[in-house]
Amino acid sequence: MTNLFGEFFGTMVLLTFGCGVVANVVLARSRGNGGGWIVITAGWAFAVMLGVFAALATGAPQTDLSPAVTLFKMYAGVYEVPHALATMGVQVLGGIAGGVITWLVYLPHWEITEDKGAKLAVFATAPIVRKFGPALLCEAIATCFLLIAFYTIGSKAAQGVAGIPSGLGVYLTAMVIWAVGLSLGGPTGYALNPARDLGPRIAHAILPIPGKGDSDWAYAWVPVVGPMLGATLAFMICRALQLV
């Protein structure tokens, strides 16, 4: 139960800061309005770093914060299926909570923001070119490279050659998130994490946000299935390379 709470709490922190940076950039009359993609990708990198520290501090040593990462580790034997499913469930709940907190922080800005798409963008991703097949492929590839990067950085060979101190791993994780956002995030907004998209999307659907549009459930399966496919492919590659 301690592990489950840590995964919930860490994911909540991740989404509070992640959704928060998007809100700061896209909502009307926010001080960060118009800050652009560099601000958003940096904010998400910091969000992951803070989420990992929060999860560690509250009893989740694996610090997955993502059903895709949990699935990868289930394949690797870290989790049995029931534990993996429970972990994924609390991660989604943490995503909902993070979305709600972001809504509260920016409470007066929803009414003065006319763009319904901008309001949804605070909570959930969407493809710039609305073609679900390419978007699914993008999410799968981006998540695959994310996980490969995690496990290559953590490999014995990399640790031995680069001499990376163990405590530096959290900061390198944040840098990987930043790199993926800058390089591979353009087409879809790089969900990478089903809890990152589904949880806040549910929050958008249930919250009384003035003038909001629909929650785009037609697309919602892509940022869930894509990262899970990417995690599966990443595990196969990492196993073949003897990284796990």
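Residues numbered from 1 in each chain as written. Predicted model: local features only at pLDDT ≥ 70, side-chain atom pairs only at ≥ 80, totals over all residues. Heavy atoms only, no water.

Visitor: Would you mind showing me how to read the overall build of the protein here?
Guide: Counting its regular elements, the protein contains 11 helices and zero strands. The secondary structure elements of the protein, listed N-terminal to C-terminal, are α-α-α-α-α-α-α-α-α-α-α. Taken over C-alpha atoms, the radius of gyration comes to 17 Å for the protein, in line with the 18 Å a tight globule of 244 residues would show. Projected onto the principal axes, the alpha-carbon positions of the protein cover approximately 55 × 40 × 35 Å. For the protein, the proportion of its 244 residues judged to be buried stands at 50%. Within the protein, contacts between residues at least 6 apart in sequence are counted, and of these 77% link residues at least 24 apart. On the protein, roughly 10900 Å² of surface is accessible, and the fraction owed to carbon and sulfur atoms is 71%. Of the side-chain charges in the protein, 12 are positive and 10 negative, and the distance between the mean point of each set is 4 Å. (Helix = DSSP H or I, 4+ residues; strand = E, 2+ residues; numbered from the N terminus. Rg over C-alpha atoms; globule rule 2.2 N^0.38 Å. Buried < 20%, exposed > 50% of the residue type's maximum accessible area, 1.4 Å probe, protein only. Contact = heavy atoms within 4.5 Å. Areas by Shrake-Rupley, 256 points an atom, 1.4 Å probe, with all protein chains shown as cover. Lys, Arg positive; Asp, Glu negative; His and termini not counted. Charge placed at Lys NZ, Arg CZ, Asp CG, Glu CD.)

Visitor: What exactly am I supposed to notice about the nonpolar core here?
Guide: Nonpolar side chains in soluble globular proteins tend to end up buried together. Formed by 36 residues in total, the largest nonpolar core has its most connected members in Leu 14, Trp 44, Trp 110, Val 122, Phe 123 and Val 180. Taken together, the elements giving at least two residues each to this core come down to helix 1 (2–26), helix 2 (37–57), helix 4 (81–105), helix 6 (116–123), helix 7 (132–153) and helix 9 (169–184). Looking at this core element by element, the count peaks at eight residues for helix 2. Apart from the residues lying within four places of it in its own chain, the contact partners of Val 180 are Ala 142, Leu 146, Gly 185, Tyr 190 and Leu 192. (Core = buried A, V, L, I, M, F, W, Y, C linked by side-chain atoms within 4.5 Å.)

Visitor: Looking at this model, I keep getting lost on the layout of surface pockets. Mind explaining?
Guide: Rolled over the atoms, a probe with the dimensions of a water molecule shows which regions are left empty. Here the largest pocket is characterised by a volume of approximately 880 Å³. Along the walls of the largest pocket sit 42 residues, with Val 52, Thr 63, Val 69, Phe 150 and Thr 173 positioned nearest its centre. Those elements giving two or more residues to the lining of the largest pocket turn out to be helix 2, helix 3 (67–75), helix 7 and helix 9. Of the residues contributing to the lining of the largest pocket, the split by class is 27 nonpolar, 12 polar and three charged. Taken together, 20 residues make up the lining of the second largest pocket; nearest its centre are Ala 121, Ala 124, Thr 125, Ala 126 and Gly 189. Only helix 1, helix 2 and helix 6 provide two or more residues apiece to the lining of the second largest pocket. Partitioning the lining of the second largest pocket into residue classes produces 11 nonpolar, six polar and three charged. (1 Å grid on protein atoms, 1.4 Å probe; cavity = no way out; pocket = protein on both sides within 12 Å on 5 of 7 lines; lining within 4 Å. Points joined across faces, edges and corners; volume = space filled by probe spheres on them. Nonpolar A, V, L, I, M, F, W, Y, C, P; charged D, E, K, R; others polar.)

Visitor: How should the packing of aromatic side chains be read in this particular structure?
Guide: The geometry of two aromatic rings is summed up by the distance between their centres and the angle between their planes. In total, this model carries 10 aromatic pairs according to the counting rule given. Relative to Phe 235, the ring of Tyr 75 has its centre 5.5 Å away and its plane inclined at 45 degrees; by these criteria the two rings are tilted. Taken together, the residues span a long stretch of sequence, with Tyr 75 in helix 3 and Phe 235 in helix 11 (residues 222–240) at a distance of 160 residues. Look at Phe 235 and you get buried, because its relative accessible area is 12%. (Phe/Tyr/Trp six-rings, centres within 6.5 Å; stacked < 30°, edge-to-face > 60°.)

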